[in-house]
Every structure is written in C-alpha cells, then in structure tokens.
Amino acid sequence: VAPLPTRDHADIYKESPAFTTKRNGEGGPEMPVIALLAPSDTAATVFAERHLARMRDMGALVDARFAGSAGAPLDRLGEVECLVSTWGMPRVDAAFLAAAPRLRGIFYAAGSVKGFCTPALWARGIVVSSAAPANAVPVAEYTVAVIVLWQKHFWRLMGRDHAAPRTAPGNYRRTVGLIGASLVGRETLRLLASYDMDALLSDPFVSAEEAAQLGATKVELPALMAAADVVSLHAPNLPHLRHLINADLLARMKDGALFLNTARGALVDEAALLAELRTGRISAVLDVTDPEPPAPDSPFWTLPNVIYTPHIAGSLAQECHRMADFALDELERFLAGAPLRCPVTEAMLAKMA
C-alpha cells in the first residue's frame, strides 16, 4: 500500500515526438488533439461544462462520448494523442491501440485503472494518470465522520430525550487503528490530525519513521486489532489479501469496538465478522460488502449493531467534479512537460487497488 511516487512523464515515455497539431476552429491556434472518451451517462456525472471548455482551451477536442450499449467510437481516435476518461473506459487492447496510433497519454478521472490497462498499453509506453487522490478525499471524509459520530453514540442515541443516560465515550484520547497507508488511509490520518485521538497504523510498506510523519504509531496488525477503539480498513483489494481480516483478528477486538470498512468486502471473512457481530460484542459500519449489495437474507441488513451504506463513501454528484479537475490538471502538466502528480506504471499495479 505504498504511496504513489511523483515522476516526470518523460521518465515513463522516453520517446516523445512533437505533438501533432490541429487547429481548434478556423483561424484558431494549433493545438494537440484531445478526446473525451467515456460513456455518456458517467461523463455527464463527472464532467461539467467548465471541464469541456477547459479541454477545448488545451487542445482540439474530439467528443467521443458514447452510449454504453453502443461501444466506444474507435473510428474517432485516429489523430488523438491524449485521452480523458472516467468510469466505463474501454480496455486499451491491441484493437484499441490500432485505432489510436498517435495515443500518448490517458488521464483518468476516477480511481483504479486496472479495468482498462493491458500489457499492450504498457508495451506502447503510454502514460497513464489516475485521479485516485481526488477520489480518496470523500472516502476519508466519510471515515472520519463515522469515527467521530460513532464515539458519540450518534446512531444509538438518535431520538432519545435529553434525560437519556450519557454513556458515549466521546473522542478525546480514543484510539483509531488504520489498516493500510493507502491514499485514503493517508488522507484519513491527515484529517484525524485535528482531533485529540491516537492513531495506529499497520502497513508492511511503511516504516515507523514514516508512520510518525503521517501522525500515527506503526504497529503489527494483531496489536492494532487489540488496541483500537475503531478499526478502519484501507487496504487494496488484491488476491493475496482476500480475507485479510479473519476470525483470529476479529476476536482480538475490544468489547464495544467498531469495525469500519470502506475498502472492499473481499478483504474480510464476512462469516467470521458476522459471528462476532451476532455476539453483540463489537459493531460494524460497512460501506462495502462481498457480494455488493449483501444478499437479501444477509444479517447485515438486520443486525442492530450494523450500519450498512450502499458504497457511498467515494465520489458522489458534485464530488466527481474534483476527479475531473484532477485529471485535467494532470493533462495540463503533461502538455507542459511537467511532472505528473499521480502517474501509474505497470509495476505499481501489484500493490494498487
């Protein structure tokens, strides 16, 4: 769950011929050719008119939005050098690359790029940038909001009169354990720094010194599970991490502790989690499950000590515009020859969601 390094795009794409130029309107300046390639529905969510105007300012814009059932209009990509996309980006395979022979960079206004990256893309040396840091912001905000409200017993005490017993522990000097120094984990730690809480961090790729710089104390995972009042999961969904959170680790949690998952359901042995939840000893707030949503007869719907939300921690509505802003900032850097903030390489995918 190592941080994404900042690298000059020239280090990734060694052979950089001059951009093909095209006039953006009669008498306009010569500009690189940029395409907006995304399903129409998701493009409408992520990109506002101001984003389209900004792309027109940066290049000769090819509008390649498409109906999801129609498939991507590859016939429009012959001169395109830079692609801007979001959820629903088609796989960049050999056929795609044959239709886009001039393609040099993909600027993705969403998180994981695994859905469209292929060996053929990397073999061509195409630069890929992800807006994952922008999508991490609302997830971290959701996480901190849950932590703060949970320790006030917000949900338990809703609707009670003022004479109800005040049994909530509050937030002062409570211990929050974060599993994974991912982009979301790091942003969560940054936000938690303004609270008087103690943060623990478990991540094999982070040293004790780096954890301290992030505002946390590095501990091993079993120790974190035993010490934290709230355990928050931020690890990537990788095959070898399936059921990372197992019965042994869950049994170590304090009585009254909260397990919070905004990562992916497959990281948790949900049968083991349900066994602990049925005792009433711990509680859970789950924004993700496996499968998603839970099966209709799943106890996640009905257990009184479970709050399930339907994958809302990530970017919603206007929050999606932050991802578009990020992607276009990256495109602007690329066109200017400046270092990218969030480039993705093939080697990095082994540790990324």
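Above this text sits the structure in question.
Along each chain, numbering runs from 1 in the same order as the chain's sequence is written. With pLDDT at 70 or above as the cut-off, local features in this predicted model cover only qualifying residues; side-chain atom pairs require 80 or more to be listed or tallied, and sums for whole chains, interfaces and linings still use all residues. Values shown for side chains rest on all heavy atoms present in the structure; no hydrogens or waters enter the calculation.

*Asks:* What exactly am I supposed to notice about the sheet that holds strand E7 (residues 127-130) here?
*Replies:* Either a parallel or an antiparallel arrangement is found when strands of a sheet pair, and the pairing is made through backbone hydrogen bonds. Should DSSP find at least two bridges between two strands, the strands are taken to pair. The secondary structure listing takes helices from DSSP runs of H or I that are at least 4 residues long and strands from runs of E that are at least 2 residues long, numbered from the N terminus. Read from one edge of the open sheet, six strands run E4-E3-E5-E6-E7-E15, paired in mixed fashion. The sheet is open, and its two borders are formed by strand E4 (60-63) and strand E15 (343-344), each paired with just one other strand. Taken together, the three bridges between strand E3 (residues 33-36) and strand E5 (residues 82-85) define a ladder with parallel strand orientation. Note that in E5 the partner of Leu36 across the bridge is Val84. Two residues qualify as a contact provided that any one of their heavy atoms is within 4.5 Å of a heavy atom in the partner residue. Note on geometry: axes are lines fitted to C-alpha atoms, helical ones only across the stretch in contact, with angles between N-to-C directions running from 0 to 180 degrees. Together, E3, E4 and E5 form the strand contacts of helix H3 (residues 49-58), whose direction differs from that of E3 by roughly 160°.

*Asks:* For this particular structure, what's the right way to read the pattern of salt bridges?
*Replies:* If charged atoms from side chains of opposite charge come close, those side chains can pair. Any Lys or Arg side-chain nitrogen located within 4 Å of an Asp or Glu carboxyl oxygen qualifies as a salt bridge. Tallying each qualifying case throughout the model produces 15 salt bridges. Ionic pairing is found between Arg242 and Asp290, a salt bridge with its closest N-O pair at 3.5 Å. Separated by 48 residues along the polypeptide, Arg242 in the loop between strand E11 (230-233) and helix H11 (247-251) and Asp290 in the loop between strand E13 (283-286) and strand E14 (306-308) bring together distant segments of the chain. Between Arg281 and Glu276 there is a salt bridge, with the nearest N and O atoms lying 3.1 Å from each other. Note on accessibility: Arg281 and Glu276 belong to one class, buried. A single salt-bridge network, built from bridges that share partners, covers Arg54, Asp329 and Glu332. Relative accessibility under 20% of the residue-type maximum defines a buried residue, over 50% an exposed one, and the middle range a partly exposed one, all with a 1.4 Å probe and only protein chains included.

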